[in-house]
Amino acid sequence: MTPTVPRRPPALGLRANLAQFLLLVAVNALVGGMLGQERTVLPLLARDTFHLSAYTAALTYIVAFGATKAIANFFAGTLSDRFGRKPVLVAGWLVAVPVPLLLIWAPSWGWIVAANVLLGVSQGLTWSTTVIMKIDLVGPASRGLAMGFNEAAGYLAVAVTALATGAIAAHAGLRPGPFLLGAAYAALALGLSTLAVRETRGHARLEAERHASAGHDPHAGLSTGQIVRRTSVGDRALSAASQAGMVNNLNDALAWGVFPILFAAHHVPLAQIGLLAALYPAVWGVGQLVTGWWSDRVGRKHLITAGMLIQAAAIGLVALGTTVPVWAAAQILLGVGTALVYPTLLAVVGDIAHPAWRARAVGVYRLWRDGGFAVGALLAGAVADAYGLTAAIWAVAALTAASGLVVAVRMYESHPVRVRREAPAEDLPVG
């Protein structure tokens, strides 16, 4: 009889878990690619194939995506705490498999909306779980770096796929060619998640045990309702992060659903629209490789404040612009601002949330953040229908600037190295 080889106990840290960490980076790149297949093509499909003239109607697919992704984010956290991270990840990819096929064969706009309901569920389960798993693996020392790699992989894939689908659509039409990439992504990711990804809940338990032994466990037993209240309104840093995340993705809804229509209205060729659509997530993605690490060195709050204000300036520049070079500069600036914000907000949640309920706190934060897709699509569509595209863009720019000011006033510093100097006692992080 062959003796059983004991499984090596989990160890925290990037170096100790490098192989799994890089595998999860690759899986999250495929998650981003599933979103990228729509970025250039779907707004034009609404206009040219389904002849939707009202902006609110044309943006219903983003509302469907954002609402379902927000809800799925919440359940991804609670389910991964209850059943483990890997089963939730695999389930998310199973939901993704039909999405490209629905986009290819949709005979009416209702099918496109249905595909985006499934895409929202899939993205909520898969992206949330890869975030949680990376936080589990690296421990407290490198959360910003981990989130930078995670989000960089996802949004670089969004950019590359948006550029690729724009080129495919320019040569082969809006369907089916661009969406065949999504079908390949879903098949590959489902195989990797099923066969190669390992469960990481044991790493979170190890960190929780260390907290308990060090006497840092007063908030370990919070209920789900208490976590929702704490993340949404009760804790100043968590609530500020939640509203900033929502406004950030409200901006992304604008970039996804409105910017391509604006560019097309100015007779920008399809291939150049694809390039503009790719610039913003490309800069966003590459920038996060630096900004996540940077927030581990200098803290979180000031990067988030600056990032929101830079985004507001970039959106205003889109509204002012009338030429491709100006819009390209605005997309680059928008990517810089978003890169400062995106991984840093997740790192704030990782700093403050206790390991015993961190996955649920991430789920609540992402519920608010990705609800911004639905809010942004509804707001931009309603204002654009009433006052025009430029007015909708200016409205979002003003809202983004206000969000940055809320962070500046309400958020305290959560970084473990700096927090003791800046946070009031009742707001000290517990994670």
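On a predicted model such as this, the values are computed, not experimentally measured, just so you know.

**Considering the overall build of the chain**
- Along its length, the chain carries 19 helices and zero strands.
- Sorting the 431 residues of the chain into buried and exposed places 59% on the buried side.
- Taking contacts inside the chain between residues at least 6 apart in sequence as the whole, the part at least 24 apart equals 87%.
- With the model as given, the accessible surface of the chain reaches about 15500 Å², and the carbon-plus-sulfur share is 70%.

**A few points about the packing of helix 4 (residues 60-83) against helix 12 (residues 236-257)**
- At a minimum axis separation of 11 Å, helix 4 and helix 12 run at an interaxial angle of 145°. In this structure, helix 4 meets helix 12 at a crossing whose hand is right-handed. Between helix 4 and helix 12, the residues in contact are Tyr61, Ile62 and Phe65 and Ala253, Trp256 and Gly257, respectively.
- When its residues are assigned to classes, the contact of helix 4 with helix 12 shows five nonpolar, one polar and no charged.

**So, empty space enclosed by the protein**
- Using the criterion set out here, one finds one cavity of 30 Å³ or more in the structure.
- For the largest cavity, the calculated volume is near 60 Å³.
- Lining the largest cavity we find Arg39, Ala255, Trp256, Phe259, Pro260, Phe263, Leu276, Ala277, Tyr280 and Gln331.
- The set of elements that each furnish at least two residues to the lining of the largest cavity consists of helix 12, helix 13 (259-265) and helix 14 (270-298).
- Across the lining of the largest cavity, the residue classes break down as eight nonpolar, one polar and one charged.

**Looking at the nonpolar core**
- Among the nonpolar cores identified, the biggest contains 114 residues, and Trp93, Ile112 and Ile393 are the most heavily contacted of them.
- Beyond its immediate chain neighbours, meaning those up to four positions away, isoleucine 393 contacts Leu254, Val258, Phe259, Leu262, Ile315, Val318 and Ala319.

**Some details on a nonpolar patch on the surface**
- Together, Phe149, Val286, Leu289, Val290, Trp293, Trp294 and Val298 make up an exposed nonpolar region whose accessible area comes to about 570 Å².
- The element best represented in the nonpolar patch is helix 14, accounting for six residues.
- The residue valine 290 is located in helix 14 in this model.

**Examining the pattern of salt bridges**
- Summed over the entire model, instances satisfying the criterion amount to ten salt bridges.
- Measuring nitrogen to oxygen at the nearest pair gives 2.7 Å for the salt bridge that ties arginine 39 to aspartate 252. Within this pair, whereas arginine 39 is found in helix 1 (residues 18-39), its partner aspartate 252 is found in helix 12, the two being separated by 213 residues in sequence. One exposure class covers both arginine 39 and aspartate 252, and it is buried.
- One salt bridge in this structure joins arginine 47 and aspartate 48, with 2.7 Å as the shortest N-O distance.
- Overall, arginine 47 belongs to the partly exposed group, its relative accessible area being 36%.
- In this structure, a network of salt bridges that share partners links the residues Asp81, Arg85, Asp136 and Arg360.

**Examining helix 14**
- With 29 residues, helix 14 extends 41 Å from end C-alpha to end C-alpha; this agrees with the ideal 42 Å at 1.5 Å per step.
- At glutamine 288, helix 14 shows its maximal kink, close to 40°.
- Two residues or fewer after helix 14 comes glycine 299, characterised by a positive phi angle close to 100°.

**Describing the confidence of the model for the chain**
- Confidence along the chain averages 84 in pLDDT terms, with 89% of residues attaining 70 or more.
- Taken together, the stretch residues 1-6 has pLDDT below 50 and engages in zero contacts with residues farther than four places along the chain or on a different chain.
- Low pLDDT (under 50) marks residues 420-431, which in the prediction has 32 contacts with non-local residues, meaning those over four places away or in another chain.

**Details of the environment of serine 239**
- Checked against the element boundaries, serine 239 lands in helix 12.
- What makes serine 239 buried here is its relative accessible area of 7%.
- Residues serine 239 and tryptophan 368, spaced 129 residues apart in sequence, show a C-alpha to C-alpha distance of 9.6 Å.
- Setting aside residues up to four positions removed in sequence, serine 239 forms contacts with Thr231, Ser232, Val233 and Arg410.

**Let's talk about the packing of aromatic side chains**
- Following the criterion strictly, the structure yields 15 aromatic pairs and no others.
- Measuring from ring centre to ring centre gives 5.2 Å for phenylalanine 65 and tryptophan 256, while their planes differ by 80°; the resulting arrangement is edge-to-face. Here tryptophan 256 lies in helix 12 and phenylalanine 65 lies in helix 4, a separation of 191 residues in the sequence.
- Residue phenylalanine 65 is classed as buried on the basis of its relative accessible area of 0%.
- Among the aromatic residues, those joined into a cluster by ring pairs are Phe50, Tyr61, Phe65, Trp109, Trp256 and Phe373.

**Topic: the side chain of arginine 369**
- Structurally, arginine 369 is set in helix 17 (residues 358-387).
- Given the relative accessible area of 0%, arginine 369 is considered buried.
- For arginine 369, the contacting residues outside a window of four places in its chain are Lys69, Glu151, Gly245, Met246, Asn249, Tyr342 and Leu346.

**Some words on the environment of tryptophan 256**
- Look at tryptophan 256 and you get buried, because its relative accessible area is 0%.
- Between the C-alpha atom of tryptophan 256 and that of leucine 42, which follows or precedes it by 214 residues, the distance is 9.0 Å.
- Sequence-distant contacts of tryptophan 256, defined by excluding residues within four places in its chain, comprise Leu35, Glu38, Arg39, Pro43, Tyr61, Ile62, Phe65, Asn116 and Phe373.

Parameters at a glance
Residues numbered from 1 in each chain as written. Predicted model: local features only at pLDDT ≥ 70, side-chain atom pairs only at ≥ 80, totals over all residues. Heavy atoms only, no water. Helix = DSSP H or I, 4+ residues; strand = E, 2+ residues; numbered from the N terminus. Buried < 20%, exposed > 50% of the residue type's maximum accessible area, 1.4 Å probe, protein only. Contact = heavy atoms within 4.5 Å. Areas by Shrake-Rupley, 256 points an atom, 1.4 Å probe, with all protein chains shown as cover. Axes fitted to C-alpha atoms, helices over the stretch in contact; angles between N-to-C directions. Left-handed = near helix turned anticlockwise from the far one by under 90°. Nonpolar A, V, L, I, M, F, W, Y, C, P; charged D, E, K, R; others polar. 1 Å grid on protein atoms, 1.4 Å probe; cavity = no way out; pocket = protein on both sides within 12 Å on 5 of 7 lines; lining within 4 Å. Points joined across faces, edges and corners; volume = space filled by probe spheres on them. Core = buried A, V, L, I, M, F, W, Y, C linked by side-chain atoms within 4.5 Å. Patch = residues over 30% accessible without salt bridge, like charges linked within 9 Å, V, L, I, M, F, W, Y side chains within 5 Å. Salt bridge = Lys/Arg side-chain N within 4 Å of Asp/Glu carboxyl O. Expected span 1.5 Å × (residues − 1). Bend = angle between axes of the 7 residues up to and from the residue. pLDDT = per-residue confidence, 0-100. Phe/Tyr/Trp six-rings, centres within 6.5 Å; stacked < 30°, edge-to-face > 60°.

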